[in-house]
Amino acid sequence: MAKYKVFDLIYRQGKNRKLKTQFELNNTNESIDKIRKLETDLTFNIEETVERGVEQSGHGIKVNSKLREKMINQKEVVENRIEFLTTEQVHLQKIVAQHDFKNKKVLEKLNELKLSDQKSQELKRFNRDILMQKK
């Protein structure tokens, strides 16, 4: 019976690790979505700083140019963050798959132990019945 508990504890521990990793993966996915929305907003705002066909003053052009430059820099940071989070997302997906694989292996081993234990109990009963018949 102790071997069952060991494998059961290993299975539960693996299941908990998988759940934690899935939670991290969900948070990463939400962060990616938020940052992508920010990226589209920045792209829209960058395009809005250029006014074509409208007469502008020198000061207005200078202000829009600085604003546009800052937004382009922010967009670059956002793109780098998306790239990092995407890499992290792939890594977390691999870890979840590894946890699934390990949990399946532990369950298979647990089932094998139960099956072999049942067979040995049946064999003991059978031997006991045979001994009882001989007496």
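Above: the structure in question.
Residues numbered from 1 in each chain as written. Predicted model: local features only at pLDDT ≥ 70, side-chain atom pairs only at ≥ 80, totals over all residues. Heavy atoms only, no water.

S.K.: Where do I start with the side chain of Asn103 in this structure?
M.R.: Of note, Asn103 is situated in helix H2 (residues 58-134). Assessed through its relative accessible area of 9%, Asn103 is described here as buried. The residues touching Asn103, leaving out its near neighbours within four places in the chain, are Tyr11, Gly14, Lys15 and Lys18. (Helix = DSSP H or I, 4+ residues; strand = E, 2+ residues; numbered from the N terminus. Buried < 20%, exposed > 50% of the residue type's maximum accessible area, 1.4 Å probe, protein only. Contact = heavy atoms within 4.5 Å.)

S.K.: Help me understand the pattern of salt bridges in this model?
M.R.: Oppositely charged side chains may form a pair once their charged atoms are brought near each other. Evaluation of the coordinates by the stated rule reveals three salt bridges. Among the ionic pairs, Asp8 bridges to Arg12, the shortest N-O distance being 3.2 Å. A residue pair is termed a helical-turn pair when its members lie 3 or 4 positions apart in one helix, as Asp8 and Arg12 do in helix H1 (residues 2-48) at four residues. According to the relative accessible area criterion, Asp8 is partly exposed, its value standing at 26%. A salt bridge links Lys37 to Asp41; its shortest N-O distance comes to 3.2 Å. With Lys37 and Asp41 both in helix H1 and four residues apart, this pair spans about one turn of that helix. (Salt bridge = Lys/Arg side-chain N within 4 Å of Asp/Glu carboxyl O.)

S.K.: For this particular structure, what's the right way to read the nonpolar core?
M.R.: Generally speaking, a soluble globular protein has its nonpolar side chains buried in company with each other. Grouped together as the largest cluster of nonpolar side chains are eight residues: Ile32, Ile35, Leu42, Ile46, Met71, Val78, Ile82 and Leu85. For this core, the secondary structure elements donating two or more residues are H1 and H2. Beyond its immediate sequence surroundings of up to four residues, Leu42 is in contact with Met71, Gln74, Lys75 and Val78. (Core = buried A, V, L, I, M, F, W, Y, C linked by side-chain atoms within 4.5 Å.)

S.K.: I tried to follow the environment of Glu88 on my own but got confused; where do I start?
M.R.: Here Glu88 is to be found in helix H2. Sequence spacing of Glu88 and Leu25 is 63 residues, and the spatial spacing of their C-alpha atoms is 8.4 Å.

S.K.: For this particular structure, what's the right way to read the side chain of His99?
M.R.: As for its position among the elements, His99 is in helix H2. What His99 contacts, discounting residues up to four positions off in sequence, is Gly14, Arg17, Lys18 and Thr21.

S.K.: I tried to follow the packing of H1 against H2 on my own but got confused; where do I start?
M.R.: Their axes nearest at 7 Å, the elements H1 and H2 cross at an angle of 160 degrees. As summarised for this structure, H1 and H2 are arranged roughly antiparallel, according to the angle between their axes. At the point where H1 passes H2, the crossing takes the left-handed sense. (Axes fitted to C-alpha atoms, helices over the stretch in contact; angles between N-to-C directions. Parallel < 35°, antiparallel > 145°, perpendicular 65-115°, else oblique. Left-handed = near helix turned anticlockwise from the far one by under 90°.)

These figures come from the coordinates and say nothing about function on their own.
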